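The residues making up each chain are set out below.
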Amino acid sequence: MGNDDAIGGNVSKYVVLPTGYSGQPKKGHLIFDACFESGNLGRVDQVSEFDYDLFIRPDTCNPRFRVWFNFTVENVKESQVREKADTLSVVLRVIFNIVNFSKTKSLYRDGMAPVVKSTSRPKWQRLPPKNVYYYRCPDHRKNYVMSFAFCFDREDDIYQFAYCYPYTYTRFQHYLDSLQKRNMDYFFREQLGQSVQQRQLDLLTITSPANLREGAEQKVVFITGRVHPGETPSSFVCQGIIDFLVSQHPIAHVLREHLVFKIAPMLNPDGVYLGNYRCSLMGFDLNRHWLDPSPWAHPTLHGVKQLIIQMYNDPKTSLEFYIDIHAHSTMMNGFMYGNIFEDEERFQRQAVFPKLLCQNAEDFSYSSTSFNRDAVKAGTGRRFLGGLLDHTSYCYTLEVSFYSYIIGGTTAAVPYTEEAYMKLGRNVARTFLDYYRLNPMVEKLAIPMPRLRKEKTPPYKHPLLRGLASNYPNGKGDKKSSVSHKDPSNSF
């Protein structure tokens, strides 16, 4: 099907046969398959001729998480596709029921639908919301079930269904390979480490070569993604950031001259490959282990944390931003989580970047952005690094909806596409130009700077931006001589 499949160790094919039938499957005996990279399907039960119960395979070594699914269906019989009675054409629908979700709240309640593609139509599309039902089912211990009706229209096609647009480890590697072949002197790729299954932890550095000369001072923006493997929108947003930063756009050129972008786009390559939703190969939610990651159990997290600490202790390096990109299963739009600080001035400075992003991105919501220090999030990258780094550094979790965004002044949900996710990434990158007040350098080249104002952000005057943000980007606080590994939740 051309879906970047490298055969994985997930599950074998399921052939659904009628009760009492033996022998080789015939046309109409549906064949379900998840034995490919990022595939997930645990079991199939046929309820009736055109009704199937599907069970998600739990994350490896962790039965708590059952959300991501990704599987194919083939061997459709012609009579299952279309029946004709005189001049009336009747399409017979098949109903699939995903019966063992581990979450009760879901955007399926708000119009979200699975995505589908087929051999003859290789572009992913969302199913019509009218064909999707999310309900508490008495036949499955009153668990929540997502049922969707689908009409097969070509019996020789292979159809693929997924929770959201897949973005595999192999696709990611091919993307990085293509960037390397361009031989850009401002793009650097290195292997920071390996996963438990020996997959690469790639680190990208995007900046002007002058910023990497010995003794040069660096202002670093550190971005990570895909720590939760089923949150595939994270990869599309990250690719949007990368594509913009390596482009020939004048804004990208200015950003490379003034900043050093460090990007680790896939922190959990094993989980991505295996089709997990939240965990690594060994069943760990890596975004709860920043306090003390193990070099053998959480090697990718350990490698990234060691690099960040090394940069933090380098007097020539100012680690100014850390942004960890995720996807959200119950909320609309893009939005951010930030930290709470006792220092009111620092807290206000932290709000500047999301306010600016709200002005640049029509799908980003400042009203959904929140700042917290709840104990359950103490082991996340945002919380740990927010407690570790000094007052010149700001740490965020960037969330984007699995489903849609709502443009200001309307109530209609606009479903995200792969391109819309990447556009959000491009707007994230552009916002650094506003934050560091580098616009005059671009305006000299007469480049228009459109504003896509989506909602009314809490008012702030430019003196606040100049007075607070300008002190932050241009200055560098004193470094701590040593690094404490205590729970940062106690230091707020």
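## Digging into the overall build of the chain
Helix and strand content of the chain: 13 helices and 23 strands. Counting all 492 residues of the chain, 58% fall into the buried class. Partitioning the intrachain contacts of the chain with sequence separation of at least 6 by distance along the chain shows that 74% fall at a separation of at least 24. Accessible area for the chain stands at about 20600 Å²; split by element, carbon and sulfur atoms hold 51% of it.

## Some points on the pairing of strand 19 (residues 334-338)
Of all five residues that make up strand 19, five are buried, and the element is covered over most of its length. Burial of the side chains of strand 19 extends over both faces: G334, M336 and G338 are buried on one face and F335 and Y337 on the other. By the bridge criterion, four bridges tie strand 19 to strand 21 (residues 394-401) in an arrangement that is antiparallel. Each bridged residue has a counterpart across the sheet, and for Y337 the counterpart in strand 21 is T397. When strand 19 meets strand 20 (residues 370-371), the two strands line up parallel, connected through two bridges. When the sheet's bridge partners are listed, Y337 is paired in strand 20 with S370.

## Quick word on helix 10 (residues 418-435)
Given a rise of 1.5 Å per residue, 18 residues ought to cover 26 Å, and the 27 Å separating the end C-alpha atoms of helix 10 matches this to within 8%. Residue R437 follows helix 10 closely and has a positive phi angle near 55 degrees.

## Things to note about the packing of aromatic side chains
For the coordinates displayed, the defined rule picks out 44 aromatic pairs. Taking the centre distance of 5.1 Å and the plane angle of 75 degrees together, the rings of Y435 and Y436 count as edge-to-face. Residue Y435 is classed as buried on the basis of its relative accessible area of 1%. Its guanidinium or amino end placed over the ring of Y186, R256 lies 3.7 Å from that ring's centre, counting from NZ or CZ. Of note, R346 hangs over the ring of F341, and the distance from its end group to the ring centre comes to 3.8 Å.

## Some remarks on helix 4 (residues 250-258)
Of the residues making up helix 4, those classed as buried are I251, A252, V254, L255 and R256. Packed against the buried residues of helix 4 are strand 15 (200-206), helix 3 (233-245), strand 17 (260-264), helix 10 and helix 11 (439-443).

## A short note on empty space enclosed by the protein
Summed over all chains, the structure comprises four cavities of 30 Å³ or more. Here the largest cavity defines a volume of roughly 80 Å³. Lining the largest cavity are 14 residues; nearest its centre among them are S195, V196, D270, S280 and T300. Looking at the lining of the largest cavity, the elements with two or more residues in it are helix 5 (269-274) and helix 6 (299-312). Of the residues in the lining of the largest cavity, the class split is eight nonpolar, five polar and one charged. Considering only enclosed or pocket space, the second largest cavity measures out at about 60 Å³ in volume. When grouped by side-chain class, the residues that make up the lining of the second largest cavity number five nonpolar, seven polar and one charged.

## So, the layout of surface pockets
The space that makes up the largest pocket amounts to roughly 430 Å³. Taken together, 22 residues line the largest pocket, and the ones lying closest to its centre are R278, R288, H328, K377 and E399. Contributing elements (two or more residues each) for the lining of the largest pocket: strand 18 (317-328) and strand 21. Classifying every residue of the lining of the largest pocket gives four nonpolar, nine polar and nine charged. A volume near 280 Å³ is recorded for the second largest pocket. What lines the second largest pocket is a set of 15 residues, among which Q218, Q310, M311, D314 and T317 lie closest to the centre. Here the lining of the second largest pocket gets three residues from one element, more than from any other, and that element is helix 6. For the lining of the second largest pocket, a count of residues per class yields five nonpolar, four polar and six charged.

## A look at the environment of E190
Note that E190 resides in strand 14 (residues 187-194). For E190, a relative accessible area of 40% translates into the label partly exposed. When the C-alpha positions of E190 and D202 are compared, they lie 5.9 Å apart, and in sequence the two are 12 residues distant. Residues within four places of E190 in sequence aside, it is in contact with L201, D202, L203 and T205.

Conventions adopted
- Residues numbered from 1 in each chain as written.
- Predicted model: local features only at pLDDT ≥ 70, side-chain atom pairs only at ≥ 80, totals over all residues.
- Heavy atoms only, no water.
- Helix = DSSP H or I, 4+ residues; strand = E, 2+ residues; numbered from the N terminus.
- Buried < 20%, exposed > 50% of the residue type's maximum accessible area, 1.4 Å probe, protein only.
- Contact = heavy atoms within 4.5 Å.
- Areas by Shrake-Rupley, 256 points an atom, 1.4 Å probe, with all protein chains shown as cover.
- Pairing = 2+ DSSP bridges.
- Expected span 1.5 Å × (residues − 1).
- Phe/Tyr/Trp six-rings, centres within 6.5 Å; stacked < 30°, edge-to-face > 60°.
- Lys NZ or Arg CZ within 6 Å of the ring centre and 35° of its normal.
- 1 Å grid on protein atoms, 1.4 Å probe; cavity = no way out; pocket = protein on both sides within 12 Å on 5 of 7 lines; lining within 4 Å.
- Points joined across faces, edges and corners; volume = space filled by probe spheres on them.
- Nonpolar A, V, L, I, M, F, W, Y, C, P; charged D, E, K, R; others polar.

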